[in-house]
Amino acid sequence: MLALAVDTATPAVTAGLVELEQAAAGANSPGTARPRTLAVRTLVDARAHAEALTPQILECISEAGIARTDIAAVVAGIGPGPFTGLRVGMATAAAFGDALGIPVHGVCSLDALAADCADELGPDDELLVVTDARRREVYSARYRGHGIRRIAGPEVGKPADLDIAGATKIAGSAAHTAMFDLPVLPAQTPSPAGLAQVAVPALLSSATPEPLVPMYLRRPDAVEKSYRTLDRMGA
């Protein structure tokens, strides 16, 4: 199975194509799959989500030497992330899914970042993932064990307010991981393979995907003015 994976929940604009290599199912198991990356494009520019994402997708399709109709599903990071950037990735994913008539699966972007760290975690490790939420705040979530089980979050708040008791490692935004006295893992933004790994159960099932619902965790900075406000301004 070929899947297109996109994420714009961080300053990085990420697109990639992954192939799910499915393991044989046992007598009482549906089998598992591990994503193999065929092509990836990442641009770190918080202002370029809208301009960069679709060209990146087309470049990945060209590099992988496939046709668009070979793609069987789309996986999109649904945040948490800033309003403007996040909606670009989700809208683009939905448009590709609609155009190709294929399912679109949403996954938590922090879960995908944690999945990228799975091979570097032991069964007793507890991972803290943090990404930039602006306003001097971070989005965060906690994970336990090699299987990457989320045990807290996602939430938004000031780094100084995070309770890191029990955490053994940290991953995410370099500017923010440096604020904590924890061993830092190299994953800074969600990869296509990490996004697909989180979505594996859904990708291997025939269930209809849940609607894409963004994780904003707070209201957008820009709000529409009310008519009463406009009247007072003399509009």
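Whatever comes next refers back to the structure up there.
Keep in mind that this is a model prediction, so the values were computed, not measured.

Conventions and cut-offs
Residues numbered from 1 in each chain as written. Predicted model: local features only at pLDDT ≥ 70, side-chain atom pairs only at ≥ 80, totals over all residues. Heavy atoms only, no water. Pairing = 2+ DSSP bridges. Helix = DSSP H or I, 4+ residues; strand = E, 2+ residues; numbered from the N terminus. Axes fitted to C-alpha atoms, helices over the stretch in contact; angles between N-to-C directions. Expected span 1.5 Å × (residues − 1). Buried < 20%, exposed > 50% of the residue type's maximum accessible area, 1.4 Å probe, protein only. Contact = heavy atoms within 4.5 Å. Salt bridge = Lys/Arg side-chain N within 4 Å of Asp/Glu carboxyl O.

A. The sheet that holds strand β7 (residues 137–144), seen in detail. Taken in spatial order, the four strands make up an open sheet running β8-β7-β6-β9, and their pairing is mixed. The open sheet has two edge strands, β8 (149–157) and β9 (169–172), and neither has a second partner. With strand direction ignored, the average angle separating the axes of adjacent strands in the sheet is 20 degrees. One ladder, built from six bridges, connects β7 with β8; its direction is antiparallel. Its bridge partner being in β8, V138 is matched across the sheet by G157.

B. How the structure looks around helix α2 (residues 83–100). The end-to-end C-alpha distance of α2 is 26 Å, a good match for the 26 Å that 18 residues give at a rise of 1.5 Å each. If you check which residues of α2 are buried, you get G85, L86, V88, G89, M90, T92, A93, F96 and G97. If you follow the buried residues of α2, they end up packed against β1 (2–7), α1 (49–64), β4 (73–77) and β5 (104–107). Remark: G101 follows α2 within two positions and exhibits a positive phi of approximately 65 degrees.

C. Representation of the pairing of β1 in the model. Most of β1 sits out of view: six of its six residues are buried. Side-chain alternation along β1 places L2, L4 and V6 on one buried face and A3, A5 and D7 on a second face that is also buried. Sheet topology places β1 next to β4; four bridges connect them, and they run parallel. Bridge assignment links A3 to a residue of β4, and that residue is A73.

D. Up close: the pattern of salt bridges. In the structure shown here, the tally under the stated rule is eight salt bridges. A salt bridge links E126 to R142; the nearest nitrogen and oxygen atoms lie 2.3 Å apart. Taken together, the positions of E126 in strand β6 (residues 126–134) and R142 in strand β7 put the pair 16 residues apart, joining distant regions of the chain. Look at E126 and you get buried, because its relative accessible area is 9%. A salt bridge links R144 to E126; the nearest nitrogen and oxygen atoms lie 3.0 Å apart. With R144 in strand β7 and E126 in strand β6, this pair connects stretches of sequence that are 18 residues apart. Linked by salt bridges that have partners in common, R41, E59 and E63 make up one network.

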